[in-house]
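Observations on the model geometry
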Amino acid sequence: MGEHEDDEATATDATALPDIGVLCDAAREAGEIALRYYGNAPKTWMKPGNSPVTEADLAIDRMLHRELRDAFPSFGWLSEEIEDDGSRLSGSPTFIVDPIDGTKGFMAGSDDWAVSIGLVHQGEPVRGVLFNPVRGEMMMASKGMGASVETADGTVSALTPSGREQLSGSLIAHPGRVSPGQPHRKAPRLASLALRIAAVASGRFDGCVASGGARDWDLAAADALIREAGLVMQTRDGSLPRYDRASTAHAVLFCGTAGLCAAMAEFAPGR
């Protein structure tokens, strides 16, 4: 990723948007915190909706809020574990954070969870990083600069999707069952929705269906990866998600090539 990124190079208040490396550094620091708790039975609470949160989620959220907001005080903020302060609706660039996406996987000791940090501007994702601390894998995207992955040994390569346009023979991550006669295969379930979406950008999966109700923090960073990989994440009517709405909840979303998204919409619930 280059230091000078012409697309979205400045925000409306003439404050330069941070280089993708700033988000990567923050995600790595968050990963270090997560690994201190990982496998050590962190304290856990249940939030409304029967969703778990651990002391690791809260510690990471506090760190990211402190460091990113201190560095960019004019930017808005939205995260899963801190009450929405409305700053994301100010028109300023906004950080959208999920300290541990896939908390159930984190609690279970699996490796299908990630630190998710997105930056949106004018309703669209312009930066996104997903860091898997267990595997030491960083996926990153910056508007107009493509999407890439850095592995634990420091190797960096472009994310390359499968490009599949047809449902037949495809591997799809989705919440339902595969009915007899359907031509696709169901992908293994990952605890992190962001990683399921990112697996489409990387070509591991051909497509993904995100159930209705996913939140901005589940989607923003992964959406940056999808867009920069040359794919789409869209609603049933073809609309792209926006991240400057009063509600943070989204309708059912389809991720992949345009052709595959249309095909997935045919079998997904909620028609």
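Structural data are supplied above this passage.
A short tour of the structure in this document, coming up. (Residues numbered from 1 in each chain as written. Predicted model: local features only at pLDDT ≥ 70, side-chain atom pairs only at ≥ 80, totals over all residues. Heavy atoms only, no water.)

Further remarks concern the sheet that holds strand E12 (residues 207-210). Two orientations exist for strands paired in a sheet by backbone hydrogen bonds: parallel and antiparallel. Strand order in the open sheet formed by 5 strands is E11-E10-E12-E14-E13, with mixed pairing between adjacent strands. The strands lining the two open edges of the sheet, one partner per strand, are strand E11 (185-186) and strand E13 (232-234). Note: E12 against strand E14 (residues 253-256), 3 bridges, orientation antiparallel. Paired with Ala 210 across the strands is Leu 253, a residue of E14. Of the strands in this sheet, strand E10 (171-173), E12, E13 and E14 touch helix H4 (residues 193-202), which is tilted by about 150° from E12. Of the strands in this sheet, E10, E12, E13 and E14 touch helix H6 (residues 258-267), which is tilted by about 140° from E14. (Pairing = 2+ DSSP bridges. Helix = DSSP H or I, 4+ residues; strand = E, 2+ residues; numbered from the N terminus. Contact = heavy atoms within 4.5 Å. Axes fitted to C-alpha atoms, helices over the stretch in contact; angles between N-to-C directions.)

The next point concerns the pairing of strand E6 (residues 124-132). For E6, the buried fraction is high: 8 of the 9 residues fall into the buried class. Direction of pairing for strand E5 (residues 114-121) relative to E6: antiparallel, over a ladder of 7 bridges. Directly across from Ile 117, in E6, lies its bridge partner Val 129. Between the end of E5 and the start of E6, which pair antiparallel, lie 2 residues, with Gln 122 showing a positive phi angle near 55°. (Buried < 20%, exposed > 50% of the residue type's maximum accessible area, 1.4 Å probe, protein only.)

Turning to the packing of aromatic side chains, a few remarks are in order. Under the definition given, this model contains 7 aromatic pairs. Where Phe 72 meets Phe 75, the ring centres are 5.1 Å apart and the plane angle is 25°; that geometry is what we call stacked. A residue is classified by how much of its surface remains accessible, and Phe 72, at 14% relative accessible area, is buried. (Phe/Tyr/Trp six-rings, centres within 6.5 Å; stacked < 30°, edge-to-face > 60°.)

Helix-helix packing is characterised by the crossing angle of the two axes and by the distance between the axes. Contact geometry for helix H1 (residues 20-37) and helix H2 (residues 55-71): axes closest at 9 Å, N-to-C directions at 155°. With respect to each other, H1 and H2 are oriented roughly antiparallel. Of the two possible hands of crossing, H1 and H2 adopt the one that is right-handed. Residues Val 22, Ala 26, Glu 29, Ala 30, Ile 33, Ala 34 and Tyr 37 of H1 pack against Glu 55, Ala 56, Ala 59, Ile 60, Met 63, Leu 64, Glu 67 and Leu 68 of H2. Looking at the contact of H1 with H2, its residues break down into 12 nonpolar, no polar and 3 charged. (Parallel < 35°, antiparallel > 145°, perpendicular 65-115°, else oblique. Left-handed = near helix turned anticlockwise from the far one by under 90°. Nonpolar A, V, L, I, M, F, W, Y, C, P; charged D, E, K, R; others polar.)

Positive phi is not limited to glycine here, since Ala 41 has a value of about 50°. On the secondary structure map, Ala 41 appears in the loop between H1 and strand E1 (44-47). Although it is not a glycine, Gln 122 sits at a positive phi angle of roughly 55°.

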